[in-house]
There are 2 protein chains.
Amino acid sequence: MVNYPNGKKHPSKDLVTSDSEKRKINYGRRGMFFEEAIDASNQYYLLNQIAVIHKRPTPVQIVKVDYPKRSKAVIKEAYFKTPSTTDYNGIYKGRYLDFEAKETRNKTSFPLHNIHEHQVEHMKAVTEQGGICFLLIHFAEYEEVYLLPYQHFEVYWQRMTDGGRKSITLTEIRNDGILIPYGYKPRLDYLAALTLREWGKING
Amino acid sequence: MVNYPNGKKHPSKDLVTSDSEKRKINYGRRGMFFEEAIDASNQYYLLNQIAVIHKRPTPVQIVKVDYPKRSKAVIKEAYFKTPSTTDYNGIYKGRYLDFEAKETRNKTSFPLHNIHEHQVEHMKAVTEQGGICFLLIHFAEYEEVYLLPYQHFEVYWQRMTDGGRKSITLTEIRNDGILIPYGYKPRLDYLAALTLREWGKING
């Protein structure tokens, strides 16, 4: 810690240790802060019997496993597989709920290459079965999280398929999505958005 | 192929190449036949827009990953984690559906050590949220698959917790469960059981 001769802290050093700066450091860990907030919220929902929502394990193709004597099996060769579904699903008030969470450092839009075609097909199938389906998109630069219902997302995906832009602009997301503020308990209360009037317009 | 002098096939050779024998060979691959039948049925449900049900990936703790130049990432060290949920979940007619599939070679009962306590807690939470929850139990010796609703399973789990037997007898499963016959399309039509009167008694 560098202090001025008058005993006050150097203002820039102050910034470095501020909460928002710590968050930015966390962002560097490939969206861990955002994911941890979702996981902590799911844990809160589970403990308070509000919903049962889990992250699906990362799909891995296991090629080689060793079974050493007197110790547990070790996977020695495996590969990451392209996910065919979204990352999170579960049950909320008896209904099936399904979503994908993505973070971007982009300041003006959400690039669609973040989403696989299989995932879109999955979200479409879920929506047709009457499930609640959406994306949670974190704009890291602004610390803003938006819940974008699949029905809106579909329009922009179709635009890209038709040869249009390969991203959704932040303005479009702010118009069509619902801002989820960071809080304390739960840290990211995305389920609250589902009771809003905006959501009712879409999912009836 | 060994034939009798009269041109007829040797009856025991006939047996060896019969369908049921092929199945028994498959059973040896740690329940792969049963799992494949479930996966194929889920694929059928998906393609025919009946339901969207997926197997969750095996949960793995990844410790070491190599990123070789010009080729994809290789997981070099990882461990199997104890699952905290069931293996399968999804959506059927708008409702959340969740189940665990287990195979036993036991001829008289289903040993409860096949199920982890975390999985029971998960199934209980799902049931309390209004989800459809059950176990699919394959008795390999008889080629019989039963759908046992969680509400019935819970009674036997409680019996064990209270110091009683550590298994559910086949007779109990035949009484409380619904037999799912092996078929063609889909190979294991477990969703059909959910429309039965027996299921209605439990889940209303």
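Since the structure is predicted, the reported quantities are computational estimates derived from the model, not experimental observations.

**Quick notes on the UniProt feature "site: Transition state stabilizer" (unreviewed entry) in chain A**
Residues and elements named next belong to chain A.
Part 1 of the argument: Those places that UniProt annotates as "site: Transition state stabilizer" (unreviewed entry) correspond, in this numbering, to Lys102.
Part 2 of the argument: With respect to the helices and strands, the residue Lys102 is situated in strand 5 (residues 95–104).
Part 3 of the argument: In this structure Lys102 touches Phe34, Phe110, Asn114, Ile115, Leu136, Ile137 and His138, once residues within four positions along its chain are discounted.
Part 4 of the argument: Among the polar contacts made by the side chain of Lys102, one reaches the main-chain carbonyl oxygen of Asn114 at a distance of 3.4 Å.

**Comments concerning the relation of the copies chain A and chain B**
Part 1 of the argument: At an RMSD of 0.0 Å, chain A and chain B line up after a rotation of 180 degrees and a shift of 0.0 Å along the axis. The operation mapping one copy onto its partner corresponds to a two-fold rotation axis.
Part 2 of the argument: Interface overlap between copies: 100% of the residues of chain A at the interface are likewise at the interface in chain B, consistent with a symmetric, same-surface contact.

**Quick word on the environment of A:Thr169**
Residues and elements named next belong to chain A.
Part 1 of the argument: You can see Thr169 is positioned in strand 9 (residues 167–169).
Part 2 of the argument: You can call Thr169 buried: its relative accessible area is 16%.
Part 3 of the argument: Sequence separation of Thr169 and Pro111 is 58 residues, and the distance between their C-alpha atoms is 8.5 Å.

**Some words on a positive patch on the surface**
Part 1 of the argument: Judged by side-chain charge, A:Lys64, A:Lys76, B:Lys64 and B:Lys76 come together as a positively charged surface patch.
Part 2 of the argument: Among the structural elements, B:Lys64 can be located in strand 2 (residues 60–66).
Part 3 of the argument: Residue classification places B:Lys64 among the partly exposed residues on the basis of a relative accessible area of 41%.

**A short note on the packing of aromatic side chains**
Part 1 of the argument: As enumerated under the stated definition, the model contains 21 aromatic pairs over all chains in all.
Part 2 of the argument: For the pair A:Tyr45 and A:Tyr190, a centre-to-centre distance of 5.5 Å together with 85 degrees between the ring planes defines the contact as edge-to-face. With A:Tyr45 in helix 3 (residues 32–47) and A:Tyr190 in the loop between strand 10 (178–180) and helix 7 (197–203), this residue pair connects regions lying 145 residues apart in the sequence.
Part 3 of the argument: Classification of A:Tyr45 by relative accessible area gives buried; the value is 2%.
Part 4 of the argument: Ring geometry for B:Tyr44 against B:Tyr45: centres 6.3 Å apart, planes inclined by 70 degrees, an arrangement best described as edge-to-face.
Part 5 of the argument: Look at B:Tyr44 and you get partly exposed, because its relative accessible area is 26%.
Part 6 of the argument: Ring pairs connect the aromatic residues A:Tyr44, A:Tyr45, A:Tyr88, A:Phe99, A:Phe134 and A:Tyr190, which therefore count as one cluster.
Part 7 of the argument: If you follow A:Arg174 out to its NZ or CZ, it ends over the ring of A:Tyr142, 5.6 Å from the centre.

What counts, and at which threshold
In this convention, every chain numbers its residues from 1, walking through the sequence in written order. Here every chain gets a letter starting at A, and every ligand a number starting at 1, in the order they are written. Local features in this predicted model are restricted to residues whose pLDDT is 70 or higher, and side-chain atom pairs enter the listing and the counts only when it is 80 or higher, whereas totals over whole chains, interfaces and linings include all residues. Note that water and hydrogens are dropped before the side-chain values are worked out from all heavy atoms of the structure. UniProt positions are given in the numbering used here, feature names are shortened, and annotations may be inferred rather than shown by experiment. Numbering of helices and strands runs from the N terminus; a helix is a DSSP stretch of H or I covering at least four residues, while a strand is a stretch of E covering at least two. Note on contacts: a residue pair is in contact if any heavy atoms of the two residues lie within 4.5 Å. N or O atoms closer than or at 3.5 Å make up a polar contact, with two conditions inside protein: a donor-capable atom paired with an acceptor-capable one, and, for residues adjacent in sequence, both atoms drawn from side chains. The least-squares superposition of copies is restricted to C-alpha atoms, and to residues with a pLDDT of at least 70 in both copies. To sort residues, take the accessible area from a 1.4 Å probe on protein chains only and compare it with the maximum for the residue type: under 20% means buried, over 50% means exposed, and anything in between is partly exposed. Here, patches come from residues exposed beyond 30% relative accessible area and free of salt bridges, joined within 9 Å for like charges and within 5 Å for nonpolar side chains (Val, Leu, Ile, Met, Phe, Trp, Tyr). Here the open area of atoms and residues is found with the Shrake-Rupley method and a 1.4 Å probe, where only the protein chains shown may cover a residue. Think of a salt bridge as a Lys or Arg side-chain nitrogen and an Asp or Glu carboxyl oxygen that are within 4 Å of each other. In this tally, Lys and Arg are treated as positive and Asp and Glu as negative; His is ignored, and so are the chain termini. For this purpose, a charge sits on NZ of Lys, CZ of Arg, CG of Asp or CD of Glu. In summary, the pairing rule links any two rings of Phe, Tyr or Trp, Trp by its six-membered ring, whose centres are within 6.5 Å, and it sorts them by plane angle into stacked for under 30 degrees, edge-to-face for over 60 and tilted for everything else. Only when the NZ atom of a Lys or the CZ atom of an Arg is both within 6 Å of the ring centre and within 35 degrees of the ring normal do we say a charge sits over the ring.

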